[in-house]
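For reference, the chains in residue letters:
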There are 2 protein chains.
Amino acid sequence: MKQNFVITSYSNPTVRLLRDLHDKRTRQREGLFLVEGMRLITDAVRAGHKPVLVAHGPALRFQGILREVFEVTEAAGGHVFETSEEILAKISRKDNPQAVVAAFAPWDLTLDRLDLHRHDMWLAVEGLKDPGNLGTLLRTADAVGAGGVILLDQSCDPFSVEAVRASMGALFTTQLARAPWDVFLAWAKASSAQLVGAVLEDAQDYQDIHYHAPCVIVLGNEQSGLPEGYRLACTVRAKIPMYGQADSLNVAISGAVLAYEVRNQFRR
Amino acid sequence: MKQNFVITSYSNPTVRLLRDLHDKRTRQREGLFLVEGMRLITDAVRAGHKPVLVAHGPALRFQGILREVFEVTEAAGGHVFETSEEILAKISRKDNPQAVVAAFAPWDLTLDRLDLHRHDMWLAVEGLKDPGNLGTLLRTADAVGAGGVILLDQSCDPFSVEAVRASMGALFTTQLARAPWDVFLAWAKASSAQLVGAVLEDAQDYQDIHYHAPCVIVLGNEQSGLPEGYRLACTVRAKIPMYGQADSLNVAISGAVLAYEVRNQFRR
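Remember, predicted model here, so these are calculated numbers, not experimental data. (Residues numbered from 1 in each chain as written. Chains lettered and ligands numbered in written order. Predicted model: local features only at pLDDT ≥ 70, side-chain atom pairs only at ≥ 80, totals over all residues. Heavy atoms only, no water.)

1. Digging into the overall build of chain A
1) Next: If you tally the helices and strands in chain A, you get eleven helices and twelve strands.
2) Next: Oriented by its inertia axes, the alpha-carbon framework of chain A measures out at about 65 × 40 × 35 Å.
3) Next: Burial analysis of chain A (268 residues in total) assigns 57% to the buried set.
4) Next: For chain A, restricting intrachain contacts to residue pairs at least 6 apart in sequence, the fraction spanning at least 24 positions comes to 79%.
5) Next: When the accessible area of chain A is evaluated, it comes to approximately 11,600 Å², of which 47% is carbon and sulfur surface.
6) Next: Averaged over its 28 positive side-chain charges, chain A has a centre that lies 4 Å from the centre of its 31 negative ones. (Helix = DSSP H or I, 4+ residues; strand = E, 2+ residues; numbered from the N terminus. Buried < 20%, exposed > 50% of the residue type's maximum accessible area, 1.4 Å probe, protein only. Contact = heavy atoms within 4.5 Å. Areas by Shrake-Rupley, 256 points an atom, 1.4 Å probe, with all protein chains shown as cover. Lys, Arg positive; Asp, Glu negative; His and termini not counted. Charge placed at Lys NZ, Arg CZ, Asp CG, Glu CD.)

Dropping the structure here:
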C-alpha cells in the first residue's frame, strides 16, 4: 500500500467533489456517486465495482479490515486518503458520519442488459419518486429472490445518497435497469412474461391469481398509481385487499406483499 | 367565522413555535405536534382531534373546503391565521410547503387504552428508530385491518413531523400505544394472545404457522432485531424466507408480509 495521503482542509477540491455528490447534476457531470460505510463499500467491491475515491477517518489508519478496498482502489488507479471526522461529517451531511466513504462510477442501466428468463420474477415500478422507496424495493427484490428492479419512465435517481443508504447494499447485489414504458413492454412481451399490475380497483384479489414465470410485478408511483394504459396492458390486475380507512399502501409494501405471494406460489 | 388574522413576520412567536415543533423537546414542552396539508388535517379532525393552531396560505382565504377545520378549531378555543407561502416553507422546512399546517395536542398512548380483544390482529415493534418506518407500519396496520401498533420500550416519536408525514393519516385512524416490554407481555398474556415473533433464524416458515386471534406480530428494530428474551417469550417464531444476499428485510416490509399472511389465513 502506498503512503497515506491526509486531507484536512474543507476547501480541498476532492472533499468538495465528494460533498457535492449529494447533488444530482454533480453526479451526472462527474460520473460518480457516493457510498458511505464499510459494509456498503465492501458489498460494492465484492460485486466487482472499483472505488474511484476513498476517504477514511484517522481511526482507520492502521486497521486491516479495509485493506481489500484500498488495494482494489489503488490497483484501478483510484485514490485513497485520510481525513478528519469533521470533514467526513461535511461529506455525509450528517452529524455521525460513517468512518469511511467512497465514490464509485454508476453503471449502465439499459434494459437489454437483463436476461428476463434467468429469473422467475421481477419488479417494475413506474415514475417512482422517493429514493427511500427505491432502496427498499431493491432490498425486497433481493430478499424475495427476484431478478431485480426495472425503473419505468422518469424516476428518482438510484445513485442518490438516500437510495444507496436505503438499499442496504442491494443496489450492488440486485439487477437494476431503467426504460421507457414502451421499451419495457416490448421486452416483456417478447419473453411472454406475465405482467401483474398492482392496482386498487377493477382487479382480482391477489391471492386468486395463478402466477407463472417469468412474472413481472408492475407497480405505480406514490402519487397516482399506474396510468390506465399501463393497467390495461398488463396480463392481470392484482388487488391487495384493504380493510382500513386508508386508500392505498406504500409502494414498497405493495411490492413486497405481491412479490411474496408470487414466491409462495412458486415454492409450493 | 371570525376575522382573518394575518401574520407576515418570521419572528412572530406563533410562527417560531410552529417551526420549532420539528424539535422533540419543543413538542414535549408545548404539548403540540405539527400536521401538514389539508388531507392529513381533515383526517385528524374527522377522527375527533381539534387543532390548537392553524396556519394557511393566502390562496386559501376564500376557499370553503377548510371551513370545517377552521370552525372546529375556533369552537375549541384554538386560533386560525393566514400567512405567506414563505413562512409556511419556514414552518415546514421544505421548499414546496403544504398550503395549510396545524398544531394538535398529542394524545394518551398508554397501553391499557387498547382493548386487545376488539381486533384479531395487532402489530408491536421493539425499539423502532426510524419515523418513516413507524409511519409506514401505521399505514400498513390500517390497511391490513389490524387494531393498531404498539411501540415497545424506547422508540422514535410518533408525533414527529417525519412520522406524521409517512403515516399518510393512519396516525389518526389506527390505534397506537407505547409500553415497556414487561407491561406489554402481561397485557398480551392476560388475553391469551398469540405472540408471533419475527426473527431470522430458529423459527418456522411464516406460512407453516397456524395463526389464531388475537394475534400480535412482534417485530424487532432496524439494527438488531428482537432481543433473545423477547424472542423466547413469544408463542411462535416466524421466519420469512429470504433468497438473496441481504440478511434482513426492512422492518415495515417484514411486518406487512407477516400481517398479510395472518389476514389471509383469517379470511379463508
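Right, picking up where we left off after that structure.
2. Things to note about the interface of chain A and chain B
1) Next: Facing the 33 residues of chain A at the interface are 33 residues of chain B.
2) Next: Buried area between chain A and chain B, summed over both chains or domains, comes out near 2,900 Å², and the portion from carbon and sulfur atoms is 49%.
3) Next: Counting across the chain A and chain B interface gives six salt bridges.
4) Next: Between D208(B) and R268(A) there is a salt bridge, and its shortest N-O distance comes to 3.8 Å.
5) Next: The tally of links from chain A across to chain B stands at 20 residue pairs in polar contact (both at pLDDT 80 or more).
6) Next: Elements supplying a minimum of two residues to the side of chain A that touches chain B: helix 6 (131-144) and helix 11 (251-267) of chain A.
7) Next: It is helix 11 of chain A that provides the largest number of residues to the side of chain A that touches chain B, a total of eight residues.
8) Next: Grouping the amino acids of the side of chain A that touches chain B by side-chain chemistry returns 14 nonpolar, ten polar and nine charged. (Buried area = accessible area lost by both parts, 1.4 Å probe. Salt bridge = Lys/Arg side-chain N within 4 Å of Asp/Glu carboxyl O. Polar contact = N/O pair within 3.5 Å; in protein donor to acceptor, adjacent residues only side chain to side chain. Nonpolar A, V, L, I, M, F, W, Y, C, P; charged D, E, K, R; others polar.)

3. Focus: the relation of the copies chain A and chain B
The relation between the two chain copies is a rotation about an axis coupled with a shift along that axis.
1) Next: Here chain A sits on chain B after a turn of 180° about the axis and a move of 0.0 Å along it, with an RMSD of 0.0 Å. Interpreted geometrically, this transformation is the action of a two-fold axis.
2) Next: A symmetric contact is evident, with 100% of the interface residues of chain A recurring at the interface of chain B. (Least-squares fit on C-alpha atoms with pLDDT ≥ 70 in both.)

4. Comments concerning helix 3 (residues 38-46) of chain B
All names here are of chain B.
1) Next: For helix 3, the full list of buried residues reads L40, I41, T42, A44 and V45.
2) Next: Those residues of helix 3 that are buried are in contact with strand 2 (33-36), helix 4 (67-75), strand 5 (100-104), helix 7 (161-167) and helix 8 (170-173).
3) Next: At the exit of helix 3 stands G48, carrying a positive phi of roughly 100°.

5. Considering the sheet that holds strand 9 (residues 194-198) of chain A
Residue and element names in this part refer to chain A.
1) Next: Taken together, seven strands build an open sheet; the order of strands is 8-7-6-11-9-12-10 and the sheet is parallel. Pairing within the sheet leaves two strands with one partner each, and these edge strands are strand 8 (175-179) and strand 10 (204-205).
2) Next: As defined by bridge partners, strand 6 (residues 121-126) adjoins strand 11 (residues 215-219) across five bridges and the pair is classed as parallel. Residue pairing in the sheet places L123 in a bridge with I217 of strand 11.
3) Next: Packed onto the sheet, helix 6 meets strand 6, strand 7 (148-152), strand 8 and strand 11 and runs at close to 145° relative to strand 7. (Pairing = 2+ DSSP bridges. Axes fitted to C-alpha atoms, helices over the stretch in contact; angles between N-to-C directions.)

6. Section: unusual backbone geometry
Residues and elements named next belong to chain A.
1) Next: Cis rather than trans, the peptide bond between A213 and P214 has omega equal to -5°.
2) Next: Relative to the elements of secondary structure, P214 occurs in the loop between strand 10 and strand 11.
3) Next: Unusually for a residue other than glycine, D202 sits at a positive phi of about 50°.
4) Next: Mapping D202 onto the fold places it in the loop between strand 9 and strand 10.
5) Next: Relative accessible area serves as the criterion here: at 71%, D202 is assigned to the exposed category.

7. Concerning the packing of aromatic side chains
1) Next: Scanning all chains against the criterion turns up 22 aromatic pairs over all chains.
2) Next: Consider the rings of F33(A) and W107(A), whose centres lie 5.8 Å apart with planes at 75°: the pair is edge-to-face. Here the residue F33(A) occupies a position in strand 2 (residues 33-36), and W107(A) occupies one in the loop between strand 5 (100-104) and strand 6, the gap between them amounting to 74 residues.
3) Next: Centre to centre, the rings of F184(B) and W187(B) are 6.1 Å apart; their planes meet at 35°, and the pair counts as tilted. In this pair, F184(B) and W187(B) are both assigned in helix 9 (residues 181-190), three residues apart and thus about one turn of the helix distant.
4) Next: In this structure F184(B) comes out as buried when scored by relative accessible area, which is 0%.
5) Next: Three or more aromatic residues joined by ring pairs make a cluster, and in this case those are F33(A), F104(A), W107(A), F159(A) and F172(A).
6) Next: The positively charged end of R263(A) is found above the aromatic ring belonging to Y243(B), 5.3 Å away from the centroid. (Phe/Tyr/Trp six-rings, centres within 6.5 Å; stacked < 30°, edge-to-face > 60°. Lys NZ or Arg CZ within 6 Å of the ring centre and 35° of its normal.)

Just distances and angles here, no functional claims.
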